[in-house]
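Here is what each chain is made of, one letter per residue.
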Amino acid sequence: MERLARCLTGRVALDVEARDWEEAVRLAGEVLEKAGDIEPAYTEAMIRTVREIGPYIVVTPGVALPHARPEDGVLRAAIGLVRLARPVSFGSEVNDPVDLVFPFGTPDRDQHIEVLAALSRLLSDPGRVAALRRAATEEDILAVLRGAPLAPAGS
Amino acid sequence: MPPQAREEGHQVRVVALCGMGFGTSLMLKMFIGEILEAHGIKAELHAWDLGSFKGQDADIVVAPMDMKKHLEDYQGRVVLISNLTDRQEIEEKLLPVVREFLDAQP
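Residues numbered from 1 in each chain as written. Chains lettered and ligands numbered in written order. Predicted model: local features only at pLDDT ≥ 70, side-chain atom pairs only at ≥ 80, totals over all residues. Heavy atoms only, no water.

A. Local environment of helix H2 (residues 21-34) of chain A. Residue and element names in this part refer to chain A. The end-to-end C-alpha distance of H2, which contains 14 residues, comes to 20 Å, matching closely the 20 Å that a straight helix rising 1.5 Å per residue would cover. Listed as buried for H2 are Trp21, Glu23, Ala24, Val25, Ala28, Gly29, Val31 and Leu32. Residues of H2 that are buried in the fold lie against strand E1 (12-16), helix H3 (40-53), strand E4 (78-79), strand E5 (81-88), strand E6 (98-101) and strand E7 (104-105). Looking one or two residues beyond H2, the residue adopting positive phi is Gly36, at roughly 80°. (Helix = DSSP H or I, 4+ residues; strand = E, 2+ residues; numbered from the N terminus. Expected span 1.5 Å × (residues − 1). Buried < 20%, exposed > 50% of the residue type's maximum accessible area, 1.4 Å probe, protein only. Contact = heavy atoms within 4.5 Å.)

Here it is, written out as structure tokens:
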């Protein structure tokens, strides 16, 4: 998870207000734009993908992984996290509403694999996902990724 | 289109499907690989996007539940997963289909 934590550093925005899924993806894209990881066109491509193919990027309850193609404007492999103040609907039959949005981009089909695998493991651990929802700061988020002891649930 | 031969030594070809072929499907493929390996099943695994999938042959397709409408016309074995990071759901839905496929082989 260390590499995932390193990738996310400086790319976390907490308790962001978004009216709908489209604004949520746009704000998530802006986090990567500001970090110099992607071009603005990539953000639009992420939105277009959801519109055209559907909300299948909402992979687990409450969590969306918007992304588009390498050629849509990725400058370097990157991942971010936007946590929404209020969950929004992506139109997912099974995993709405969404409050954790991890936008990612990769300049080819390989560079992101290790980080995506780490993210998959993180998301398969309900305790850690709950900890991401409780975290107060980016530092807390990174600590969850690095495997810091979790506060007891409900505390 | 005739079925392509599976790679030698593999019992079943499983294709994880998503919109792009390198994000959501890659996550699925990772979990599928771990599950089938744990059960001693030698599977040829692919992560494909919708565009590449058309006309290609898979023994079993695994896709997110939210892509159901894209697979309505597909005649083969399909496993739809709601929670893509829930290993138990993937295992409970996929294994019976894999076993049924293997049993049906000559």
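B. Focus on the layout of surface pockets. Approximately 170 Å³ is the volume attributed to the largest pocket. Lining the largest pocket are A:Thr60, A:Pro61, A:Val63, A:Leu123, A:Ser124, A:Pro126, A:Val129, A:Arg133, B:Asn83, B:Thr85, B:Asp86 and B:Arg87. Among the elements that take part in the lining of the largest pocket, helix H5 (residues 126-134) of chain A stands out by supplying three residues, more than any other. The class makeup of the residues in the lining of the largest pocket is five nonpolar, four polar and three charged. (1 Å grid on protein atoms, 1.4 Å probe; cavity = no way out; pocket = protein on both sides within 12 Å on 5 of 7 lines; lining within 4 Å. Points joined across faces, edges and corners; volume = space filled by probe spheres on them. Nonpolar A, V, L, I, M, F, W, Y, C, P; charged D, E, K, R; others polar.)

C. Structural detail: H5(A). Residue and element names in this part refer to chain A. Taken residue by residue, H5 has Val129, Ala131 and Leu132 as its buried positions. Each buried residue of H5 sits inside an arc of 155° when the element is viewed along its axis, so together they form one side. Of the surrounding secondary structure, the elements contacted by the buried residues of H5 are E5, E6, helix H4 (113-123) and helix H6 (138-145). Where H5 begins, the side chain of Asp125 points an oxygen toward the backbone nitrogen of Gly127, at a separation of 3.0 Å. (Arc of directions from axis to C-beta. Polar contact = N/O pair within 3.5 Å; in protein donor to acceptor, adjacent residues only side chain to side chain.)

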